[in-house]
Amino acid sequence: MKVHLYDPSYRDAWDDYVMNSENATCCHLSGWKEIIERTFGHRTWYLLSHDNAGSINGILPVVHLKSMLFGSFGISMPFLNYGGICTDNDDGEVRANLVREAAVIAGVAGMKHIELRHCDNVLPQMPVKISKVTMLLDLPERFDTLEASFGSKLRSQIRRAVKEGMTVHFGGRGELRSFYDVFSRNMRDLGTPVYSLKFFRNILTTFPERTRICTVYTKEGVPAASGFLISFKDTMEIPWASSLKKFNRFGTNMLLYSSVLQLACRQGIKVFDFGRSTPGEGTYKFKEQWGAKPRQLYWHYWMENGEPLPEINPHNPKYSLAIKIWQHLPVPLTKLVGPSVVKNLP
């Protein structure tokens, strides 16, 4: 058994493994390596494990984030909901070898910790956070069946948007500007630095067959809500979605999600992934009303010196003042400054 670093000659073999592995997610595809390197300039280490016959039996992508503000650390995968170690047959030896090799790289690169985002407790011996869940909805073959399960209030909100003259558009790069206008304003309102437009453009370019944008427009043609969709095997995920506050009373966000769920059913998708949430918070309750159920997430950590687990997140009190200041900045300024800050936020 051998662990070594990815190089371009392994791309097809890597992606073949991902597509055939029951435990792999879209975040494991090799295209993300290029997206992250081109967009953010981060150094990446993609590790492969081979069995004695030369076949891949495990992978681990690691991205190095480094800044004066947040420190030096590795993560698998940043900016996404999943990543971490992917092996088949519950192979603990392969996992241990991949972690050991990642720790060697971390030591050389000066990383203080590595965060591994898993959907299962695959590294029970390691420190772990279990504060997040992902919200999953099993889809029927027909949208009519799903729609019948919605509560009366939800159905009313969807109808309200239609009565207000809202229209829905699906597209790729043609919808990118509308998506980004809504997304960047919403991120400012939340006090969160925004990704660059280049990030989303690179995703669309790298995964043209897997990605789609859905935008809800007012009758005047103003983008009011928009979501970025990624399909992988029998799952559709909406990792980024936003709506403008001033239109929320018209049910724009409800029409957005209803429309993407209808598309997912039409395409034969089996599971719709609403993305990660903290149980009990507003986004959790929003996703729950569609029928989504929580699945526990396990974020495991390799720590350099056994220090307390890092808290690089908006709930950390040390960032509260910065969040409040950011919420009052002009949107054009946040678009200009935000990408240089968020590139080092996991």
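Residues numbered from 1 in each chain as written. Predicted model: local features only at pLDDT ≥ 70, side-chain atom pairs only at ≥ 80, totals over all residues. Heavy atoms only, no water.

K.L.:
An account of the overall build of the protein chain is needed here, citing residue identities and associated values.
P.N.:
Helix and strand content of the protein chain: 11 helices and 15 strands. Against the globule reference of 20 Å for 346 residues, the protein chain gives a C-alpha radius of gyration of 20 Å, in line with a compact fold. Its C-alpha atoms put the protein chain at 60 × 45 × 35 Å along the principal axes. For the protein chain, buried positions account for 54% of its 346 residues. (Helix = DSSP H or I, 4+ residues; strand = E, 2+ residues; numbered from the N terminus. Rg over C-alpha atoms; globule rule 2.2 N^0.38 Å. Buried < 20%, exposed > 50% of the residue type's maximum accessible area, 1.4 Å probe, protein only.)

K.L.:
Describe the sheet that holds strand β8 (residues 133-138), and please don't skip the residues or the numbers.
P.N.:
Strand order in the open sheet formed by seven strands is β9-β10-β11-β12-β13-β8-β14, with mixed pairing between adjacent strands. Edge strands, defined here as strands with exactly one partner in the open sheet, are β9 (167-171) and β14 (293-296). Across the sheet, the mean angle from the axis of one strand to that of its neighbour is 30 degrees, orientation sign disregarded. Each of β10 (211-217), β11 (223-232) and β12 (235-243) is contacted by helix α6 (residues 176-190), which is oriented at about 65 degrees to β12, the strand it contacts most. (Pairing = 2+ DSSP bridges. Axes fitted to C-alpha atoms, helices over the stretch in contact; angles between N-to-C directions. Contact = heavy atoms within 4.5 Å.)

K.L.:
I'd like a description of helix α1 (residues 11-20), backed by residues and values.
P.N.:
Restricting attention to buried positions, one finds in α1 the residues Trp14, Asp15, Tyr17 and Val18. Seen along its axis, α1 keeps its buried residues to an arc of 155 degrees; they face one direction. Exposed residues pointing more than 90 degrees away from the buried face of α1 are listed as Asp12 and Asn20. Structurally, α1 contributes buried residues whose contacts are with β2 (43-50), β3 (56-67), β5 (86-87) and β11. (Arc of directions from axis to C-beta.)

K.L.:
With reference to specific residues and values, describe the packing of helix α5 (residues 152-163) against helix α8 (residues 252-266).
P.N.:
Contact geometry for α5 and α8: axes closest at 8 Å, N-to-C directions at 100 degrees. Considered as vectors, α5 and α8 are oriented roughly perpendicular to each other. Taken together, the residues of α8 that come into contact with α5 (itself represented by Leu154, Gln157, Ile158, Ala161 and Val162) are Thr252, Met254, Leu255 and Ser258. In the contact of α5 with α8, the residues fall into six nonpolar, three polar and no charged. (Parallel < 35°, antiparallel > 145°, perpendicular 65-115°, else oblique. Nonpolar A, V, L, I, M, F, W, Y, C, P; charged D, E, K, R; others polar.)

K.L.:
Explain a nonpolar patch on the surface to me, using residue names and the numbers behind them.
P.N.:
A cluster of nonpolar residues, Leu333, Leu336 and Val337, forms a patch on the protein surface that exposes about 260 Å² of accessible area. Mapped onto the fold, Leu333 is located in helix α11 (residues 331-342). (Patch = residues over 30% accessible without salt bridge, like charges linked within 9 Å, V, L, I, M, F, W, Y side chains within 5 Å. Areas by Shrake-Rupley, 256 points an atom, 1.4 Å probe, with all protein chains shown as cover. Salt bridge = Lys/Arg side-chain N within 4 Å of Asp/Glu carboxyl O.)

K.L.:
Tell me what's going on with the pattern of salt bridges, and back it up with residues and numbers.
P.N.:
Tallying each qualifying case throughout the model produces nine salt bridges. Two residues, Arg295 and Asp120, come together in a salt bridge whose shortest N-O distance is 2.9 Å. With a gap of 175 residues between them, Arg295 in strand β14 and Asp120 in the loop between β6 (113-118) and β7 (128-129) connect regions that are remote in the sequence. With its nearest N and O atoms 2.9 Å apart, the salt bridge here joins Asp144 to Arg142. One salt-bridge network, held together by shared partners, links Arg11, Glu34 and Arg38.

K.L.:
Account for the side chain of Thr252, with residues named and values stated.
P.N.:
Mapped onto the elements of the fold, Thr252 is located in helix α8. Among the polar contacts listed, one links the side chain of Thr252 to the backbone oxygen of Phe247, at a separation of 3.4 Å. Those residues in contact with Thr252 that lie beyond four places of it in its chain are Ala161, Met166, Val216, Ala224, Ala225, Ser243 and Phe247. (Polar contact = N/O pair within 3.5 Å; in protein donor to acceptor, adjacent residues only side chain to side chain.)

K.L.:
Account for the packing of α6 against α11, naming residues and giving values.
P.N.:
With their axes 10 Å apart at the nearest point, α6 and α11 run at an angle of 90 degrees to one another. As far as their axial angle goes, α11 and α6 are roughly perpendicular. For the pair formed by α6 and α11, the contact residues are Tyr180, Asp181, Ser184, Arg185 and Arg188 on the first element and Val331, Thr334 and Lys335 on the second.

K.L.:
So what about the packing of aromatic side chains? Which residues, and what values?
P.N.:
Taken as a whole, this structure holds 29 aromatic pairs when the rule is applied. Here Phe150 and Trp290 contribute two aromatic rings whose centre-to-centre distance is 5.2 Å and whose plane-to-plane angle is 90 degrees, an arrangement assigned as edge-to-face. Of this pair, Phe150 sits in the loop between α4 (143-148) and α5 while Trp290 sits in the loop between α9 (282-288) and β14, and the two are 140 residues apart along the sequence. Using a relative accessible area of 1% as the deciding quantity, one classes Trp290 as buried. Ring centres of Phe183 and Phe200 lie 5.3 Å apart, and the angle between their planes is 80 degrees; on these two criteria the pair is classed as edge-to-face. Within this pair, whereas Phe183 is found in helix α6, its partner Phe200 is found in helix α7 (residues 197-206), the two being separated by 17 residues in sequence. For the residue pair Phe183 and Phe200, the accessibility class agrees, reading buried in each case. Feature note: the residues Phe40, Phe79, Phe179, Tyr180, Phe183, Tyr195, Phe199, Phe200, Phe228 and Trp240 constitute an aromatic cluster, connected by ring pairs. (Phe/Tyr/Trp six-rings, centres within 6.5 Å; stacked < 30°, edge-to-face > 60°.)

K.L.:
How would you explain unusual backbone geometry if you had to name every residue and give the values?
P.N.:
Residue Met77 follows Ser76 across a cis peptide bond; omega there is 0 degrees. Considering the arrangement of structural elements, one finds Met77 in the loop between β4 (71-76) and β5. With phi around 55 degrees, Lys233 is a residue other than glycine that occupies positive phi space. Along the polypeptide, Lys233 turns up in the loop between β11 and β12.

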